[in-house]
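Chain by chain, the residues run as shown.
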Amino acid sequence: FVVHQFPEMYFMRVKQEDMPNKIIGYTAYLVPILGAYLTGLVYPATIILVIHCTTEIIKALSDVIECSGKADIAQPLYRIWSVAFIIARNAIGVLTVVTFFKLKSKPAEELSSLRFLSCTGVLMILLGLQLYLSWKFVQTVLKWRHQAKEVAIAQKKADNFWQQRKEANKGGKESSC
């Protein structure tokens, strides 16, 4: 599923500014799957994908509800998704570190040095991806808050303008009578 998403972006003519986010999203699925396949870390990868997919389901559900015109119901779901996203990134990071130390504690007979290095590389890439996703999430949330603050200020200015205009029209009508 994930592999065919890359050429599909070309055929669906995805906007240039949307491509980096989509590529990162698809890569977030592809790295654990490929890493698990190449290194034999199937169980941690399965847990990681379940955690990641759970947050994506919450996000997709809130997007669908918002598109159906029920933004008042979608807003709490977005907040739940925000919390779940951070918890998921932390859980995946902890699972990555625990898996590394579990591999490190295995005897040399059970794990060759080449396999240990390849597993370590995959785990570090996965950990870096989680840090990057967390960083982008924090930036996005800060941008949303800044935009919400600007909208609130603009709304307040507009309300003040119309209130002054209304008072000016009232005062003008009273003096002309």
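Further up the page is the structure itself.
A. Focus on empty space enclosed by the protein. Going through the model one piece at a time under the given rule, you end up with one cavity of 30 Å³ or more. Estimates place the volume of the largest cavity at around 80 Å³. Around the largest cavity, the lining residues are Val31, Pro32, Gly35, Ala36, Leu41, Pro44, Ala45, Ile48, Val122, Leu123 and Leu126. Every element with two or more residues in the lining of the largest cavity is listed here: helix 2 (19–39), helix 3 (42–67) and helix 5 (113–176). Per-element accounting of the lining of the largest cavity gives the leading share, four residues, to helix 2. Considering only residue class, the lining of the largest cavity consists of ten nonpolar, one polar and no charged.

B. Geometry of the nonpolar core. Of all hydrophobic cores here, the largest spans 13 residues; its most connected members are Trp81, Phe85, Leu126, Leu129 and Leu133. One finds Leu41, Phe100, Cys119 and Leu123 within the second-largest nonpolar core, a separate group that totals six residues.

C. Highlighting the packing of aromatic side chains. In this structure the tally under the stated criterion is five aromatic pairs. When the centroid spacing of 5.5 Å and the interplanar angle of 80 degrees are considered together, the rings of tryptophan 81 and phenylalanine 137 count as edge-to-face. In this pair, tryptophan 81 sits in helix 4 (residues 71–104) while phenylalanine 137 sits in helix 5, placing the two residues 56 residues apart along the sequence. Taking the relative accessible area as the measure of exposure, tryptophan 81 reaches 8% and is therefore buried. For the pair phenylalanine 100 and phenylalanine 101, a centre-to-centre distance of 5.2 Å together with 70 degrees between the ring planes defines the contact as edge-to-face. For phenylalanine 100, a relative accessible area of 16% corresponds to the buried category. What makes phenylalanine 101 partly exposed here is its relative accessible area of 48%. Cation over ring: lysine 59 sits above tryptophan 81, and NZ or CZ is 5.4 Å from the ring centre. The ring of phenylalanine 85 carries arginine 89 above its face, with NZ or CZ at 4.4 Å from the centroid.

D. View of the layout of surface pockets. Empty space within the largest pocket amounts to approximately 1000 Å³. Around the largest pocket sit 24 residues that line it, and Asn21, Lys22, Gly25, Lys59 and Trp81 are the ones nearest its centre. For the lining of the largest pocket, the secondary structure elements donating two or more residues are helix 2, helix 3, helix 4 and helix 5. Partitioning the lining of the largest pocket into residue classes produces eleven nonpolar, five polar and eight charged. Estimates place the volume of the second largest pocket at around 440 Å³.

E. Fine view of a nonpolar patch on the surface. Side chains of Leu34, Tyr37 and Leu38 sit close together on the surface and give an oily, nonpolar patch of about 400 Å² of accessible area. Position of tyrosine 37 relative to the elements: it lies in helix 2. Judged by its relative accessible area of 70%, tyrosine 37 is exposed.

F. Region of the structure containing the side chain of arginine 89. Position of arginine 89 relative to the elements: it lies in helix 4. One buried charged residue, arginine 89, forms no salt bridge at all, with the nearest opposite charge on glutamate 56 at 5.0 Å.

Here is what the cut-offs are and how they apply
- Residues numbered from 1 in each chain as written.
- Predicted model: local features only at pLDDT ≥ 70, side-chain atom pairs only at ≥ 80, totals over all residues.
- Heavy atoms only, no water.
- 1 Å grid on protein atoms, 1.4 Å probe; cavity = no way out; pocket = protein on both sides within 12 Å on 5 of 7 lines; lining within 4 Å.
- Points joined across faces, edges and corners; volume = space filled by probe spheres on them.
- Helix = DSSP H or I, 4+ residues; strand = E, 2+ residues; numbered from the N terminus.
- Nonpolar A, V, L, I, M, F, W, Y, C, P; charged D, E, K, R; others polar.
- Core = buried A, V, L, I, M, F, W, Y, C linked by side-chain atoms within 4.5 Å.
- Buried < 20%, exposed > 50% of the residue type's maximum accessible area, 1.4 Å probe, protein only.
- Phe/Tyr/Trp six-rings, centres within 6.5 Å; stacked < 30°, edge-to-face > 60°.
- Lys NZ or Arg CZ within 6 Å of the ring centre and 35° of its normal.
- Patch = residues over 30% accessible without salt bridge, like charges linked within 9 Å, V, L, I, M, F, W, Y side chains within 5 Å.
- Areas by Shrake-Rupley, 256 points an atom, 1.4 Å probe, with all protein chains shown as cover.
- Salt bridge = Lys/Arg side-chain N within 4 Å of Asp/Glu carboxyl O.
- Lys, Arg positive; Asp, Glu negative; His and termini not counted.

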